[in-house]
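In case you want the letters, here they are:
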Amino acid sequence: MTKPAELYACLYAREFPAQALLRLRPDLHAKPCVVMADKPPFEQVCSLNKKARALGIVHGITQVEIDTFPSVVVLPRSESDEAATKSILLECAGGFSPRVEDLSEDGTFLCVIDIAGTRSLFGPPEVLAQNLLTRVRTLGVTACIAVSSNFHAAVALAKGLSPQRAVKVIPAGEERTALATLPLVVLDLTDKQTETFSLWGIHTLGMLAALPEKELIARMGQAGKHLRQLARGEMPHLFQPIEPVFTLEEHIELDTPVELLDSLLFVMNVMLEQLIFRATARMLALASLTITLTLEGCATHSRTVRPALPTNDKQLWIKLLHLDLEAHPPPAAILALTLAAEPGSTSKVQLGLFSPQLPEPSRLDVTLARIRAIVGEENVGRAVLDDTHRPEGFHLEPFVVPSTQSSGITSISLPSAIRQLRPSAAVSVTLQSDRPKAFVFQERRYRVERAYGPWRTAGEWWTSTLWECEQWDLIARTQDATLCCCLIHDLMLKQWQLVALYD
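Residues numbered from 1 in each chain as written. Predicted model: local features only at pLDDT ≥ 70, side-chain atom pairs only at ≥ 80, totals over all residues. Heavy atoms only, no water.

Visitor: What's the story with the sheet that holds strand S1 (residues 8–13) in this structure? I'm lost.
Guide: Strand pairs in the sheet, formed through backbone hydrogen bonds, run parallel or antiparallel to each other. Here five strands make up an open sheet; going across it, the order is S5-S6-S1-S7-S8 and the pairing mixed. Looking at the sheet topology across the chains shown, the edges are occupied by strand S5 (100–102) and strand S8 (167–169). Taken over all neighbouring pairs, the strand axes of this sheet differ in orientation by 15 degrees on average, direction set aside. Sheet analysis places S1 next to strand S6 (residues 109–114), joined by six bridges and oriented antiparallel. The residue bridging Leu11 from the neighbouring strand is Cys111, located in S6. This element, helix H4 (residues 79–94), spans S5 and S6 of the sheet and lies at about 15 degrees to S6. (Pairing = 2+ DSSP bridges. Helix = DSSP H or I, 4+ residues; strand = E, 2+ residues; numbered from the N terminus. Axes fitted to C-alpha atoms, helices over the stretch in contact; angles between N-to-C directions. Contact = heavy atoms within 4.5 Å.)

Dropping the structure here:
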């Protein structure tokens, strides 16, 4: 089998600190913004957006100089936001090839993707690069993409592209021509090398590539040969791939403390869009969402929402989060917000030809969320029997829609034999020779005609929740009624309860 020719796609994002901070802040996209680094009073601009650059702001100016621009929004640098955005971009690149090499530096994002042999999956390099760029822009990042059969040529060209022409593909064998007009700054020269080339009058890669090799080595050593190979697009490279980690998480630090839930939902809407887009790109859905709120006073407030089925319906998630936070509001103002999602696969239920249409699972989720807000989260679910003989031995579990359904509908009709009382009713019992003789239920006195029992059970004697009780089945009468019932005598609490009525 013939090994496919080398082919690399370089993804390059300038002003990365500013882009990482503005990605989840669409309200700031139309304003000039700068990112300040270092501690006061040595703060200086380390990154800025296009509108701030149009005002004449450049890297390195101080806070005092920024104060002369009243319309500029000043943001502190956030390394956590940069790390999260970098992880998201590497994850995005990993969706086109498992071989990704990270070359990011301080203030920029740069990665190279080995796309050799991907034509049958993603089409020609031009189509792959355009699709990659579209996906990156959907994530809220502006970037440039260059494709070349030479690793370093792709990197140099990506650094030299303008945002107006964000995609460029170099045909094989034309690397030197494509790189000729680029400035020397794309090679990351040292200060000494920059000064030397400036004295020689060398300003572009084409001028550097035209220098004779031996004379260049004689004056600059092997570093000169290395730079000449880079300028000609002939420098070999040993690819060192990393393994991007897939983590569905978004984090944002709020500019001011937020107390209103409606303001928080506006921020969550943008974060949910990003999570749903990233999950959809991998043919997944969101199975659960955990929202963690950082509050004033270094406290945190965390809630988890899990619908019946994994879904990518943003409006459903917003509604579920809204209802949950209304039922469990944070106790203080919110400073930061983190949304972490658990991925899952969407399941399709195949019904029979004559089966009735089932209701949408999302309607059940919203209904259950509203019921929980009224009666409490611990009182909603389906009853599941415990592995015990203890009366009322069951617990509640969340409702889950089964992933498969039978093609037919089986209907079983059972006669009503017992009516369980919820909750059990306390009764006053009169005993004769340790057997029930009469009892009072709902302010009426019943005389016991027949008593069957007792049936004694006990359990959990090895824990602090040990229990012991005896059951009696009784037939009792009043002057105008007969009652068949079941009484439980709790031997630990010394109390009688009527738990069921027999028809």
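Visitor: Sorry, what's going on with the packing of helix H11 (residues 213–220) against helix H12 (residues 222–232) here?
Guide: In a pair of packed helices, the angle between the axes and the distance between the axes together describe the arrangement. The contact between H11 and H12 brings their axes to 6 Å, and the two run at 135 degrees. Put simply, H11 runs oblique to H12. Counted together, Glu213, Leu216, Ile217 and Met220 of H11 and Gln222, Ala223, Gly224, Lys225, Leu227 and Arg228 of H12 form the full contact between these two elements. For the contact of H11 with H12, the residue count by class is five nonpolar, two polar and three charged. (Parallel < 35°, antiparallel > 145°, perpendicular 65-115°, else oblique. Nonpolar A, V, L, I, M, F, W, Y, C, P; charged D, E, K, R; others polar.)

Visitor: When you look at unusual backbone geometry in this model, what are you seeing that I'm missing?
Guide: What you tend to see is this: most non-glycine residues have negative phi, and most peptide bonds are trans. The residue after Pro40, namely Pro41, is reached through a cis peptide bond having omega 5 degrees. Mapped onto the elements, Pro41 comes out in the loop between strand S2 (33–37) and strand S3 (44–48). In this chain, Gly453 is followed by Pro454 through a cis amide linkage whose omega measures 0 degrees. Examined against the element boundaries, Pro454 turns out to sit in strand S18 (residues 444–459). You will see that Asp38, though not glycine, has its phi angle at about 70 degrees, which is positive.

Visitor: Honestly, the packing of helix H9 (residues 191–200) against H11 in this entry has me stumped. Any pointers?
Guide: Close contact between H9 and H11 brings their axes to 13 Å; oriented N to C, the two are set at 130 degrees. Accordingly, the angle class assigned to the pair H9 and H11 is oblique. At the point where H9 passes H11, the crossing takes the right-handed sense. Mapping the contact onto sequence places Gln193, Phe197 and Trp200 in H9 and Leu216, Arg219 and Met220 in H11. A class-by-class count of the residues in the contact of H9 with H11 yields four nonpolar, one polar and one charged. (Left-handed = near helix turned anticlockwise from the far one by under 90°.)

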